[in-house]
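What the coordinates show
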Amino acid sequence: MAPLTLADPADLGARALMVLVLILFLAGLGLALGSQHVVKRLIGVGLAQAAGLVALIGTADGLGALAAVQAGFLALGLATAVRVHEAYGTLEVDRVDAQDEADTAHGLAPGDGDRGDDA
Amino acid sequence: MSALVPPLAALSVDTVPALLLAAAGIIALLPFRVFGLWVGALVALGAAGLAVVSAMVQGGYHAPAMALMAVTVAAALLSAGGAILRDLPAEKHTLVVPLVLAGGAGAVGAVGSDSFVALLTWLGLTFAAYLALAAQGGSRDRGGSAAALQAQIQIGVSLAMALMGAGLIGQTTGAAGLTDLATPLSAAPGNRSVLLGLGLLAIGLSGMAAVAPMHLWAAPLQARGPSYGLVLLGTIAPLAALAGLVRLVVAAGPVVPGFALALALLGALSAVIGSLQAMAGRDFRRVLAYALTAQAGVALLAVALGGAAGLSAGLFHLVNLVLVGLLVWLVAAGLPSPTPTLALDGLLRRSPFRAACLLVGLLSLLGAPLTAGFLSKWRMIEALIAAGHAWAAALVILVALASVFYCGRLIERAVFRAQGAAFPTDEPPRTHPLTLVPTPSLALALAVCLYLGLEARGALAVAGGAAQAVLAGVGGGP
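Residues numbered from 1 in each chain as written. Chains lettered and ligands numbered in written order. Predicted model: local features only at pLDDT ≥ 70, side-chain atom pairs only at ≥ 80, totals over all residues. Heavy atoms only, no water.

**Things to note about the overall build of chain A**
- Assigned secondary structure in chain A consists of four helices and zero strands.
- Tracing chain A from N to C terminus, the helices and strands come up as α-α-α-α.
- Considering only contacts in chain A between residues 6 or more positions apart, those separated by 24 or more positions represent 34%.
- Of the accessible surface of chain A, which amounts to about 6,000 Å², a share of 65% is contributed by carbon and sulfur atoms. (Helix = DSSP H or I, 4+ residues; strand = E, 2+ residues; numbered from the N terminus. Contact = heavy atoms within 4.5 Å. Areas by Shrake-Rupley, 256 points an atom, 1.4 Å probe, with all protein chains shown as cover.)

**Here's the deal with the confidence of the model for chain A**
All names here are of chain A.
- Model confidence for chain A is summarised by a mean pLDDT of 81, while 80% of its residues fall at 70 or above.
- The weakest mean pLDDT in chain A belongs to helix α4 (residues 93-105) at 83; the strongest belongs to helix α2 (residues 38-56) at 94.
- Within the model, pLDDT remains below 50 along residues 109-119, and this stretch shows 37 contacts once partners closer than five positions in the same chain are excluded. (pLDDT = per-residue confidence, 0-100.)

**A word on the interface of chain A and chain B**
- With 56 residues of chain A at the contact, the number on the chain B side is 54 residues.
- Summing both partners gives a buried area of about 4,400 Å² for chain A against chain B, and 66% of it is carried by carbon and sulfur.
- In this structure, the connection of chain A to chain B is made through zero salt bridges.
- Taken together, the connections running from chain A to chain B amount to seven residue pairs in polar contact (both at pLDDT 80 or more).
- Counting residues per element, the ones that place at least two in the side of chain A that touches chain B are α1 (12-34), α2, α3 (63-88) and α4 of chain A.
- Looking at the side of chain A that touches chain B element by element, the count peaks at 14 residues for α3 of chain A. (Buried area = accessible area lost by both parts, 1.4 Å probe. Salt bridge = Lys/Arg side-chain N within 4 Å of Asp/Glu carboxyl O. Polar contact = N/O pair within 3.5 Å; in protein donor to acceptor, adjacent residues only side chain to side chain.)

**Side note on the packing of helix α13 (residues 284-305) of chain B against helix α16 (residues 352-366) of chain B**
All names here are of chain B.
- At a closest axis distance of 12 Å, the pairing of α13 and α16 adopts a crossing angle of 35°. Once α13 is placed against α16, the crossing between them reads as left-handed. Contacts between α13 and α16 involve Phe-284, Leu-288, Ala-291, Leu-292 and Gln-295 from the former and Leu-358, Leu-362 and Leu-365 from the latter.
- Considering only residue class, the contact of α13 with α16 consists of seven nonpolar, one polar and no charged. (Axes fitted to C-alpha atoms, helices over the stretch in contact; angles between N-to-C directions. Left-handed = near helix turned anticlockwise from the far one by under 90°. Nonpolar A, V, L, I, M, F, W, Y, C, P; charged D, E, K, R; others polar.)

**Some words on the pattern of salt bridges**
All names here are of chain B.
- This model, assessed by the stated rule, comprises four salt bridges over all chains.
- We note a salt bridge from Arg-457 to Glu-455, for which the minimum N-O separation is 2.9 Å.
- When its relative accessible area of 64% is taken as the criterion, Arg-457 is described as exposed. (Buried < 20%, exposed > 50% of the residue type's maximum accessible area, 1.4 Å probe, protein only.)

**Quick notes on unusual backbone geometry**
All names here are of chain B.
- Following Ala-212, the chain continues to Pro-213 via a peptide bond in cis, the omega torsion being 5°.
- As for its position among the elements, Pro-213 is in the loop between α9 (192-208) and α10 (218-224).
- Of note, Ala-210 is a non-glycine position whose phi angle comes to about 60°, a positive value.
- Looking at the element boundaries, Ala-210 is found in the loop between α9 and α10.
- Although it is not a glycine, Leu-370 adopts a positive phi angle of roughly 70°.
- By the secondary structure assignment, Leu-370 is in the loop between α16 and α17 (372-386).
- You can call Leu-370 exposed: its relative accessible area is 59%.

**Remarks on helix α12 (residues 259-280) of chain B**
- The end-to-end C-alpha distance of α12 of chain B is 32 Å, a good match for the 32 Å that 22 residues give at a rise of 1.5 Å each.
- Every buried residue of α12 of chain B is accounted for by Phe-259, Ala-260, Leu-263, Ala-264, Leu-266, Gly-267, Ala-268, Ser-270, Ala-271, Gly-274, Ser-275 and Ala-278 of chain B. (Expected span 1.5 Å × (residues − 1).)

**Observations concerning the layout of surface pockets**
Residues and elements named next belong to chain B.
- For the largest pocket, the calculated volume is near 920 Å³.
- Taken together, 32 residues make up the lining of the largest pocket; nearest its centre are Pro-64, Ala-67, Leu-68, Val-319 and Val-462.
- Where the lining of the largest pocket is concerned, the elements lending two or more residues are α3 (34-58), α4 (62-87), α11 (227-252), α14 (307-333), α19 (438-454) and α20 (457-474).
- Among the elements that line the lining of the largest pocket, the one with the most residues is α4, at eight residues.
- Considered class by class, the residues forming the lining of the largest pocket number 30 nonpolar, two polar and no charged. (1 Å grid on protein atoms, 1.4 Å probe; cavity = no way out; pocket = protein on both sides within 12 Å on 5 of 7 lines; lining within 4 Å. Points joined across faces, edges and corners; volume = space filled by probe spheres on them.)

**Some points on empty space enclosed by the protein**
Residues and elements named next belong to chain B.
- Enumeration over the complete set of coordinates arrives at five cavities of 30 Å³ or more.
- Contributing to the lining of the largest cavity are 18 residues, with Ala-209, Gly-234, Pro-238, Leu-292 and Thr-293 lying nearest its centre.
- Here the element with the most residues in the lining of the largest cavity is α11; it accounts for six residues.
- Taken together, the residues that form the lining of the largest cavity break down as 13 nonpolar, five polar and no charged.

**A few points about the confidence of the model for chain B**
All names here are of chain B.
- Confidence in the prediction of chain B, expressed as mean pLDDT, is 82, and 85% of residues score 70 or more.
- Summarising per-element confidence for chain B, the mean pLDDT is lowest in helix α1 (residues 6-11) (56) and highest in α12 (94).
- Every residue in residues 428-434 scores below 50 in pLDDT, and together they form ten contacts with partners more than four places removed in sequence or on other chains.

**Observations regarding the packing of aromatic side chains**
Residue and element names in this part refer to chain B.
- Tallying each qualifying case throughout the model produces two aromatic pairs over all chains.
- Summarising the aromatic geometry, the rings of Phe-127 and Trp-217 are spaced 6.0 Å apart at their centres and angled 90° between planes, so their arrangement reads as edge-to-face. With Phe-127 in helix α6 (residues 116-135) and Trp-217 in the loop between α9 and α10, the pair connects residues that are 90 residues apart, well separated along the chain. Considered together, Phe-127 and Trp-217 belong to a single accessibility category, that of buried residues.
- Ring geometry for Phe-374 and Trp-378: centres 6.0 Å apart, planes at 25°, overall stacked. (Phe/Tyr/Trp six-rings, centres within 6.5 Å; stacked < 30°, edge-to-face > 60°.)

**A look at the packing of α1 of chain A against α2 of chain A**
Residue and element names in this part refer to chain A.
- α2 packs onto α1 with a crossing angle of 155° between their chain directions and a minimal axis gap of 7 Å. Taken together, the axes of α1 and α2 lie roughly antiparallel to each other. Note that α1 runs across α2; the crossing there is left-handed. Residues Met-18, Val-21, Leu-24, Phe-25, Gly-28, Leu-29, Leu-31, Ala-32 and Leu-33 of α1 lie in contact with α2, whose contacting residues are Lys-40, Arg-41, Ile-43, Gly-44, Val-45, Leu-47, Ala-48, Ala-51, Val-54 and Ala-55. (Parallel < 35°, antiparallel > 145°, perpendicular 65-115°, else oblique.)

**Focus on the environment of Val-45 of chain A**
- Along the chain, the position of Val-45 of chain A falls in helix α2.
- Given a relative accessible area of 4%, Val-45 of chain A falls into the buried group.
- With residues near it in sequence (within four places) discarded, Val-45 of chain A still touches Gly-28 and Ala-32 of chain A together with Ile-153, Gly-156 and Val-157 of chain B.

Encoded structure:
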């Protein structure tokens, strides 16, 4: 397979493929940054990373190791999501944040602005 | 010298990441817990020694940088020994050492990588390993798991941006790495795909380096994660990403109009935001995380605008940040979690040695005279003024003044206040001899930090040589 190239304006197929990759990347980015559900965010991260990996095809060697790291990253995220669900009973970001704030208010895990004043 | 150590010269510093990674795999199969920790520590020390000797033989930029990172990994692993036993149940000990080694391999590999794919693979490995460690904090505090998950998402997004940026650059120019970037970039001036790719790559690396405004993952994770994770995620992983960002600035800055200035503005923004957040912070660990974000911004500013002298000063500043990071995070790791600033009250009377380490680390962070931090800031200011960017030099001074405020507040609590009854500052019982392991690492970091403050000619010469090697490697200068 010949490498993709944007440098050749006549290679419309490669350009169209690159546009599709960019759309996939933006869709993943939107999901990762815009969703309230943790698993949807992780899926968005996975999509965006997969798009980045496809964009690198033909430009360099060693993509297999990179793909393995990406898969590990996603698996780690999902495993942590399971633990968060066990601890909070939800995977909605705003509900997790609300419970964290409640924890902070009860002095379980203080963050900024509490219990550390100079008084 | 190479004739004296032919086996080491043949092995070369490039084998260090592979050595650490192989050790991680083997130790993961060992059924022993504490034994695995000792084996891991010995392998890390051996790898660090190999890296140092190979760096003396090889010279250049990569070898000293990889050696420094390998020594830091070994120190962090040794230091983490006590905290591991204190923080986690025994059944998780076998998991920790392989992850520390794998993350260290990624950091060492990242600072030695030229190709985009290798750089991002090693960085991805580092963050995956250390975030897996951070997620273990949830066994004590459920907020630790939530913070680790948020960090995974944000760093995952940063990695995706960097990948897409590298892909766009590669598809447009054919450049596969930092060393072959300058020529194709200068041949395609103003190409929108290249500019988009550079921007995405820079933003992605900034996010992993905890440069503001992409640093939001760092402070919550540091505040809620397990103690040993602080040393790793606060020092090693972001600095490996920052080293990649510095090399990108040096490679692309001279040939892409406006790129160096854009990165300088990003650094300035990070310095300002990090300083303001550190000044407002009331949690010790958060203050440290924000302070390092500010310092990373200062380094980026100097490298982007200061020319060769700025690059040399910026690299010296990175070395100083490694030492300061080890000192302050190791002290933080020894305090109970969570850690409001009043947990520092009476530290001098409770633990004079750790108070001294914290004092030296914070003084170097704020740039007090007779510390390495003073020299690095002085050199950066000189370089920025010489390059005609007085505003940037003024910003470095302002950031130093801001750090006097928040570091001074921490020093005042640790040194001058008595232990209060409002916060339980008693540490968990030390039941195992390995909990004393952080002391030698702290002592080493303290000694090097003090030495560089008094006699830094050698370190400055290495930083200058490294700057020349970087400039020669990428074929240009900022």
